[in-house]
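# Overview (structure and organization)
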Amino acid sequence: QVQLVESGGGLVQAGGSLRLSCTASGRTFSSLALGWFRQAPGKEREFVAGVGRSAGVTNYADFVKGRFTIFRDNPKNSVYLQMNSLKPEDTAVYYCAATSAIGVLVTRWAYAYWGQGTQVTVSS
């Protein structure tokens, strides 16, 4: 079992930046692959970015490439999503997720563990 807690969401103007954090407990952190998903009102939950057990293995949704960066800090049992050049379309609840898989998985159904979500609102 894995428990995940997100933080760092908030209100920011278009063009600004935020850094989301997710801290895990309950299992050896290095044994997990991790992902960030988001869900806007009336929309399906969609993949944003993921990192495998190896920190160098990452994957990004096309709509965030060049703007967002995912990275992990194993000694802190944490994974982060650095979001730059934010757009109003990025407004959503952002969720951290974890799986025992080795590589990056892009479907929400592959993740067994989820955080509670953190709200990101980007104003124009």
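Right above here is the structure, for reference.
All of the points below concern the structure found in this document. (Residues numbered from 1 in each chain as written. Predicted model: local features only at pLDDT ≥ 70, side-chain atom pairs only at ≥ 80, totals over all residues. Heavy atoms only, no water.)

## Quick word on the state of the cysteines
Tallied over the full model, the rule gives 1 disulfide. Shown here is the disulfide that connects C22 with C96, its sulfur atoms set 2.1 Å apart. The disulfide joining C22 to C96 has a torsion of about -75° about its S-S bond and is therefore left-handed. In this pair, C22 sits in strand β3 (residues 18-25) while C96 sits in strand β9 (residues 92-99), placing the two residues 74 residues apart along the sequence. For C22, a relative accessible area of 1% puts it in the buried group. Residue C96 is classed as buried on the basis of its relative accessible area of 0%. (Disulfide = S-S within 2.5 Å. Helix = DSSP H or I, 4+ residues; strand = E, 2+ residues; numbered from the N terminus. Buried < 20%, exposed > 50% of the residue type's maximum accessible area, 1.4 Å probe, protein only.)

## A closer look at the sheet that holds strand β7 (residues 68-73)
The 4 strands lie next to each other as β1-β3-β8-β7, forming an open sheet whose pairing is antiparallel. Of all strands in the sheet, those bounded by a partner on one side alone are β1 (3-7) and β7. Taken over all neighbouring pairs, the strand axes of this sheet differ in orientation by 15° on average, direction set aside. Bridging between β3 and strand β8 (residues 78-83) involves 6 bridges; their strand directions are antiparallel. (Pairing = 2+ DSSP bridges. Axes fitted to C-alpha atoms, helices over the stretch in contact; angles between N-to-C directions.)

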